[in-house]
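# Chain and residue survey
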Amino acid sequence: MRRVVFNQKGGVGKSTITSNLAAIAAAQGRRVLVIDLDCQGNTTRYLLGDAADDERTGSAEFFAQTLKFSVREHDNSEFISETPWENLHVMAASAELDELHGKLESRYKIYKLRDALQQLDEVYDEIWIDTPPALNFYTRSALIASQGCLIPFDCDDFSRRALYGLLEAVDEIRADHAPELSVEGIVVNQFQARASLPQRVVQELIDEGLPVLQPFLSASVKVKESHELSRPMIHLDPRHKLTQELVALYESLPG
């Protein structure tokens, strides 16, 4: 199963959701690869910690080699690194992704990621892709390469208005490039159960028939500690409320 976590808005929890659901899958014995396509590298830092500073290969190097002709193509495994967590690997991000963007788009390398991941399906049970906060070359590549899409939603009116555009973008890419792609659901993040606005906004989405997933992910300062220590919640505090919500969310996903 190949999944992308996508939202054009920053700060909605894409990296946190990607990393934690992937870590839960790996902790349950699945062979999992996380691909970081955001040049900020938050997912890379979350999963590798200080070792991210020494990482010399990853998604930028993968895309760079697609721009060159070579008699011997690099094996996709050469761009993948182990994390401290068993069964969990990462294709790390770097600032070079931003430098490559224009060349990749102009030379229409949009299907290269899909082709590579289809080969890696034989190695991994699940592949999770974290995307930048923009509908750019990398995000479109990730959507084309994926079978499922999760959309984080942070419970405000701006996010709600943007949501319809996101769903339309996924529909367009599915129609033009990726018939396997589907929106598996909207992940409600940083939910405050006692506040009236989040409850009202989320209920309106449900009433409209949109695929809102449950449970909702609670707002918690513990996740900031998780970021600081570079330890996904399942490894930091398995009994924490947010950890249990993440586990239940993962287990609600198909396949």
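Please read these numbers as outputs of a predicted model, since none were measured by experiment. Sequence order sets the numbering: in each chain, residues are counted from 1 along the sequence as written. Given that the model is predicted, a residue must reach a pLDDT of at least 70 before its local features are reported, and side-chain atom pairs must reach 80 or more before they are shown or counted; all residues, however, enter totals for whole chains, interfaces and linings. Side-chain descriptors were evaluated using all non-hydrogen atoms of the structure, hydrogens and water having been removed beforehand.

This next bit is on the packing of helix α1 (residues 14-27) against helix α11 (residues 241-252). One way to put it is that α1 packs onto α11 with a least axis distance of 10 Å and a crossing angle of 75°. When the axis of α1 is compared with that of α11, the two are roughly perpendicular. Side by side, α1 and α11 meet where N20, L21, I24 and A25 of the first sit next to L246, V247, L249 and Y250 of the second. Residues belonging to the contact of α1 with α11 are distributed by class as follows: seven nonpolar, one polar and no charged. For helices, the fitted line uses only the C-alpha atoms of the stretch in contact; every axis is such a line through C-alpha atoms, and the angle between N-to-C directions lies from 0 to 180 degrees. Secondary structure is summarised from DSSP: a helix means a run of H or I of at least four residues, a strand means a run of E of at least two, and numbering begins at the N terminus for each. Each angle is binned into one of four classes, with values under 35 degrees roughly parallel, values over 145 roughly antiparallel, values of 65 to 115 roughly perpendicular, and all other values oblique. Note on definitions: a residue-residue contact is assigned when non-hydrogen atoms from the two residues lie within 4.5 Å. Throughout, the ten residues Ala, Val, Leu, Ile, Met, Phe, Trp, Tyr, Cys and Pro are labelled nonpolar, Asp, Glu, Lys and Arg are labelled charged, and all others, Gly among them, are labelled polar.

We call two strands paired when DSSP finds no fewer than two bridges between them. Pairing in this open sheet of seven strands is mixed, and the strands run β3-β4-β2-β5-β1-β6-β7 from one edge to the other. The open sheet has two edge strands, β3 (81-82) and β7 (182-188), and neither has a second partner. In this structure, strand β2 (residues 32-36) lies alongside strand β5 (residues 126-130), joined through five bridges in parallel fashion. Its bridge partner lying in β5, D36 is registered against D130. Each of β1 (2-5), β2, β4 (88-91), β5, β6 (148-153) and β7 touches α1; the most contacted strand, β5, lies at about 165° to it.

With their axes 10 Å apart at the nearest point, helix α7 (residues 157-176) and helix α8 (residues 196-207) run at an angle of 25° to one another. In terms of axis orientation, α7 runs roughly parallel to α8. Crossing handedness for the pair α7 and α8: right-handed. Where α7 approaches α8, its residues R160, L163 and Y164 are matched on the opposing element by V201, E204 and L205. Handedness of each helix crossing follows the sense of rotation of the near helix against the far helix: counterclockwise by less than a right angle gives left-handed, clockwise gives right-handed.

Function cannot be inferred from these measures alone, as they are strictly geometric.
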